[in-house]
Amino acid sequence: MIVFLYGEDSFRRKRKYAAIVGEFIGKNGNLGFSEFSSDESEKFLEAAKARSIFSPRTLIGLKDVDFNLFSEDVLNRFKEILTGLAVSKDIIILVSSAETSLPDSMPFLAAPPTRTQEFDLLPKDKLVFFVLKEAIEKGINFSESDARSLIASFGGDLWSISSELDKLALAKSKEFPVSSPEPSYFELLSAIKFGRSKERKLIALEAILYKLKEDPARVFNSLAYSAPKGTSPEEWFSLMADYDVAVKSGKLDYEEALLDFVIR
């Protein structure tokens, strides 16, 4: 059997890859599992040809594969070996790639019995739903407004979004009440970043540092992650880099850098 996972969304693709591996090991143990990266194509092909006599079931993973890096000889052997294993029930070949489309040179990856799943980048409406689902699974009370604020801070970077949700899940309180008198971290972060007046930004900064008692370094790094709409990435990251240098050289601390940012 061949399972081919591909697409730009590395977070969901790698999660699916890990889930397949975890399920296999849970049922069959570690003995039948081996894994290779794209630059280990020769080792992968050898493993695919010679399954272990000690394991009735075998899972061979090839992660982060870039078919463009394969020589013509490797591609031909890849096709020959995998075509022969496509109908096998005891050998599972799991391939994960950031390719945005199925490779023309390997049509068997797009047709049964190969199991193919695409992981394209999520559009904004589905991204909001995904963030809400992740928050619920982590036991965090989250609203659609919270999800949109989080996305505004990190864009579609699900790795960073998941990391922030993990931090919230580890916090003493897992409540995230947007409708309460006390705004949430990401609402305040958005106000600092996108506020239309210095007064609004100052109020948000005071709330995030003194009411929520957030670490100024975390606030700065969250703020610096992506450029706000209407500001070029080059200009934004240059500004944030200047602040970072000033902090690391001892001229400012993170709290002073944030204050300078909101009143500039």
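Residues numbered from 1 in each chain as written. Predicted model: local features only at pLDDT ≥ 70, side-chain atom pairs only at ≥ 80, totals over all residues. Heavy atoms only, no water.

K.L.:
Can you help me understand the side chain of Ser162 in this one?
P.N.:
Relative to the elements of secondary structure, Ser162 occurs in helix H6 (residues 158–170). Given the relative accessible area of 10%, Ser162 is considered buried. Discounting residues that sit within four places of it in the chain, Ser162 has contacts with Phe11 and Lys138. (Helix = DSSP H or I, 4+ residues; strand = E, 2+ residues; numbered from the N terminus. Buried < 20%, exposed > 50% of the residue type's maximum accessible area, 1.4 Å probe, protein only. Contact = heavy atoms within 4.5 Å.)

K.L.:
Just to check I follow, could you spell out the environment of Phe194 for this structure?
P.N.:
Among the structural elements, Phe194 can be located in helix H7 (residues 185–194). Its relative accessible area of 36% is what places Phe194 among the partly exposed residues. Residues Phe194 and Asp104 lie 90 residues apart in sequence; the distance between their C-alpha atoms is 45 Å.

K.L.:
What am I meant to see in the pattern of salt bridges here?
P.N.:
Side chains carrying opposite charge are able to pair once their charged atoms draw close together. Counting across every chain of the model gives 12 salt bridges. A salt bridge links Glu23 to Lys27; its shortest N-O distance comes to 3.2 Å. Placement of both Glu23 and Lys27 in helix H1 (residues 10–28) is noted, with a separation of 4 residues, approximately one turn of the helix. For Lys27, a relative accessible area of 64% gives the class exposed. Put simply, Arg218 and Glu164 hold a salt bridge, and the shortest N to O gap is 2.3 Å. A residue pair is termed long-range when its members are at least 10 positions apart, and Arg218 in helix H9 (residues 216–224) and Glu164 in helix H6 qualify at 54 residues. For Glu164, a relative accessible area of 5% puts it in the buried group. (Salt bridge = Lys/Arg side-chain N within 4 Å of Asp/Glu carboxyl O.)

K.L.:
Explanation requested: the side chain of Ser97 in the structure shown.
P.N.:
With respect to the helices and strands, Ser97 occurs in strand S4 (residues 91–97). Filtering out sequence-adjacent residues up to four positions away, Ser97 remains in contact with Phe4, Leu5, Tyr6, Gly7, Arg13, Val65 and Phe67.

K.L.:
How do you make sense of the nonpolar core when you look at a structure like this?
P.N.:
Considering soluble globular proteins, one finds that nonpolar side chains tend to be buried as a cluster. Ranked by internal contacts, the top residues of the largest apolar core, which has 43 residues, are Phe142, Ile192 and Ile208. Those elements giving two or more residues to this core turn out to be helix H4 (124–137), helix H5 (144–154), H6, H7, helix H8 (198–211), H9, helix H10 (233–248) and helix H11 (254–263). Once residues within four sequence positions are removed from consideration, Ile208 is found in contact with Tyr185, Leu188, Leu189, Ile192, Lys213, Glu214 and Val219. (Core = buried A, V, L, I, M, F, W, Y, C linked by side-chain atoms within 4.5 Å.)

K.L.:
Explain the sheet that holds strand S1 (residues 2–6) to me, please; I cannot follow it from the model alone.
P.N.:
By definition, the strands of a sheet pair up through backbone hydrogen bonds, in either a parallel or an antiparallel sense. Judged by pairing direction, the sheet is parallel, and its 5 strands sit side by side in the order S2-S3-S4-S1-S5 without closing on themselves. At either end of the open sheet lies a strand with only one pairing partner, and these are strand S2 (33–37) and strand S5 (115–118). When the angles between neighbouring strand axes are averaged without regard to direction, this sheet yields 10°. Bridge count between S2 and strand S3 (residues 58–65): 5 bridges; the pairing is parallel. Of the residues in S3, the one forming a bridge with Ser37 is Lys63. Contacts from H1 reach S1, S2, S3, S4 and S5, with the element oriented near 165° to S3. (Pairing = 2+ DSSP bridges. Axes fitted to C-alpha atoms, helices over the stretch in contact; angles between N-to-C directions.)

K.L.:
Teacher, can you tell me more about H1 here?
P.N.:
Since one α-helical turn is 3.6 residues long, residues separated by three or four positions face the same way. Taking 1.5 Å of rise per residue, the 19 residues of H1 would be expected to cover 27 Å, and the 26 Å separating its terminal C-alpha atoms lies within 8% of that figure. Along H1, the residues classified as buried are Phe11, Arg12, Arg13, Tyr17, Ile20, Val21 and Phe24. Tucked inside the fold, the buried residues of H1 contact S1, S2, S3, S4, H4 and H6. Trailing H1 by a residue or two, Gly29 shows a phi angle of about 85°, which is positive. (Expected span 1.5 Å × (residues − 1).)

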